[in-house]
Amino acid sequence: MDRWKGRVALVTGASVGIGAAIAKSLVQNGMKVVGCARNVKQIETLAAECVSSGFSGTLFPYKCDLSVEDEVLSMFSWIKVQHQGIDVCINNAGLALPEPLLSGKTSGWRTMMDVNVIGLSVCTREAYQSMKERNIDDGHFININSICGHRVINNPDAHFYTATKYAVTALTEGLRQELREAKSHIRITDISPGLVETEFAYRFFSQSPEKAAASYKDGKCLQAADITKAVVYVLSAPPHVQIGNIEITHIEQLM
């Protein structure tokens, strides 16, 4: 990770869970990290923790709703002014709502698409333009996908969410092809976790906290730190190594 010290990373959805763990780890490894989310207070608390821990990097909290393009564009303008641009873009933000295909609300489907697909794509486009205008040819994109981006589980509540994650799989490969066509050495990696013990289930089952708790009860799930280690592994690879796709599940987890 030495070559990334002092360089700038964007981590979306950095307020809790996987995003917060990734942001903290990158700061610990000496990077300047812009952590964005709708709830910036939690990122501010995390930034203070990084300072008190004596980490060599810095976490910069930024309030941004990825479903609002103007807010995303304003964030990238701020990054350009404050930090010149970004070198690593970690598209972590995502959400799931229990909206089945046969009875789900259009508003819920649209919210998932706006964040999981469109928001990710806008961040990717703007991050690439930031790298291109500064002649950064060793940048890295990491999409935090899901095991649901590779297989359809038998859960009607998750089917539309699954469709958005299949889109992330396609977008990752499409970006890889476009970067290759552009003769760029910027790399793109897809990390697809299975069930991770975070706030995710509690948001998904917001009307049934006991159901959310039950999904983690057997202990056969990953921790946010497991995904963070994968991110560090990917960024630590030599510049000529392209790590395309990583699927991570608990050894006893059936998916």
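Structural notes, computed from the coordinates.

So, how was this worked out
- Residues numbered from 1 in each chain as written.
- Predicted model: local features only at pLDDT ≥ 70, side-chain atom pairs only at ≥ 80, totals over all residues.
- Heavy atoms only, no water.
- 1 Å grid on protein atoms, 1.4 Å probe; cavity = no way out; pocket = protein on both sides within 12 Å on 5 of 7 lines; lining within 4 Å.
- Points joined across faces, edges and corners; volume = space filled by probe spheres on them.
- Nonpolar A, V, L, I, M, F, W, Y, C, P; charged D, E, K, R; others polar.
- Buried < 20%, exposed > 50% of the residue type's maximum accessible area, 1.4 Å probe, protein only.
- Helix = DSSP H or I, 4+ residues; strand = E, 2+ residues; numbered from the N terminus.
- Pairing = 2+ DSSP bridges.
- Disulfide = S-S within 2.5 Å.
- Salt bridge = Lys/Arg side-chain N within 4 Å of Asp/Glu carboxyl O.

1. With respect to empty space enclosed by the protein
And then number 1: This structure, assessed with the given rule, holds one cavity of 30 Å³ or more.
And then number 2: Of the pockets and cavities examined, the largest cavity occupies roughly 30 Å³.
And then number 3: Every residue along the wall of the largest cavity is listed here: Thr12, Leu66, Asn91, Ala93, Val115, Gly119 and Leu120.
And then number 4: Grouping the amino acids of the lining of the largest cavity by side-chain chemistry returns four nonpolar, three polar and no charged.

2. Some remarks on the pairing of strand E5 (residues 140-144)
And then number 1: Burial analysis of E5 places five of its five residues in the buried class, the great majority of the element.
And then number 2: Side chains His140, Ile142 and Ile144 project from E5 onto one buried face, and the interleaved Phe141 and Asn143 project onto a second face that is buried too.
And then number 3: Note: strand E4 (residues 88-91) against E5, four bridges, orientation parallel. The partner of asparagine 91 across the bridge, within E5, is asparagine 143.
And then number 4: Relative to strand E6 (residues 187-193), E5 runs parallel, the two being bridged by five bridges. For isoleucine 142, the partnering residue across the bridge sits in E6 and is threonine 189.

3. A short note on the state of the cysteines
Among covalent bonds in proteins, the disulfide is the one between the sulfur atoms of two cysteines.
And then number 1: Taken as a whole, this structure holds zero disulfides when the rule is applied.
And then number 2: Lacking any disulfide linkage, cysteine 148 is separated from the closest cysteine sulfur, that of cysteine 221, by 15 Å.
And then number 3: Residue classification places cysteine 148 among the buried residues on the basis of a relative accessible area of 7%.
And then number 4: Relative accessible area serves as the criterion here: at 6%, cysteine 221 is assigned to the buried category.

4. Points about the pattern of salt bridges
And then number 1: In total, this model carries 11 salt bridges according to the counting rule given.
And then number 2: Residue arginine 3 is joined to aspartate 138 by a salt bridge in which the shortest nitrogen-to-oxygen separation is 3.3 Å. Residue arginine 3 is located in the segment before strand E1 (8-12), and its partner aspartate 138 is located in the loop between helix H4 (106-133) and E5; the two are separated by 135 residues in the primary sequence.
And then number 3: With relative accessibility at 28%, the residue aspartate 138 sits in the partly exposed group.
And then number 4: As a salt-bridge pair, lysine 105 and glutamate 99 come within 3.0 Å of each other at their nearest N and O atoms.
And then number 5: Each of Arg3, Arg7, Asp87, Arg134 and Asp138 takes part in salt bridges that share partners, so that together they form one network.

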